[in-house]
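Structure at a glance
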Amino acid sequence: MRRVLMLDEAWTLSPSVALRPEPFGALAYHFGNRKLTFLKRPELVVAVRALGEHPDVRSALVAAGIPATQHAAYAEALAGLARTDMIRPRGEGVAA
């Protein structure tokens, strides 16, 4: 069952993920599942980094300067990152 990323939920960068800044945005590498993901928008990188510092996804997007009219599109991008465990709901432990 696919989990839907909700704007009003608390999410964070997975502890197994490293972000490497690049001119186009960043590379995200998951050390557990060895997935490599290109974050092609610098604004998305800012939002991903902000997730753990804000009470919910919506607040992180606002802090990253993402207009409210684009929140749904960014939520879809974040949902893709959630499917590969690049980000996870805050409070979830590391999968065994």
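Presented here is a report on the structure given in the accompanying data block. (Residues numbered from 1 in each chain as written. Predicted model: local features only at pLDDT ≥ 70, side-chain atom pairs only at ≥ 80, totals over all residues. Heavy atoms only, no water.)

What about the sheet that holds strand β2 (residues 17-22)?
What the three strands build is an open sheet, ordered β2-β3-β4; its pairing is antiparallel. The sheet is open, and its two borders are formed by β2 and β4 (36-39), each paired with just one other strand. Each strand axis lies, on average, 20° off the axis of its neighbour in the sheet, ignoring direction. Bridge analysis of β2 against strand β3 (residues 25-30) gives six bridges, and the strand direction is antiparallel. Bridge pairing in β3 links P21 to A26. (Pairing = 2+ DSSP bridges. Helix = DSSP H or I, 4+ residues; strand = E, 2+ residues; numbered from the N terminus. Axes fitted to C-alpha atoms, helices over the stretch in contact; angles between N-to-C directions.)

Concerning a nonpolar patch on the surface
On the surface, F24, L36 and F38 cluster together to form a nonpolar patch covering roughly 280 Å² of accessible area. Position of L36 among the secondary structure elements: in strand β4. A residue is classified by how much of its surface remains accessible, and L36, at 47% relative accessible area, is partly exposed. (Patch = residues over 30% accessible without salt bridge, like charges linked within 9 Å, V, L, I, M, F, W, Y side chains within 5 Å. Areas by Shrake-Rupley, 256 points an atom, 1.4 Å probe, with all protein chains shown as cover. Salt bridge = Lys/Arg side-chain N within 4 Å of Asp/Glu carboxyl O. Buried < 20%, exposed > 50% of the residue type's maximum accessible area, 1.4 Å probe, protein only.)

Some details on the pairing of β3
Burial of β3 is extensive: five of the six residues sit out of reach of the surface. Linking β2 to β3, which pair antiparallel, is a turn of two residues. Across four bridges, β3 lies against β4 in antiparallel orientation. Among the inter-strand pairings, A28 is bridged to a residue of β4, identified as T37. Counting the residues that bridge the hairpin from β3 to β4 gives five residues, and of these R34 lies at a positive phi of roughly 60°.

Remember, this is a structural readout, not a statement about activity or role.
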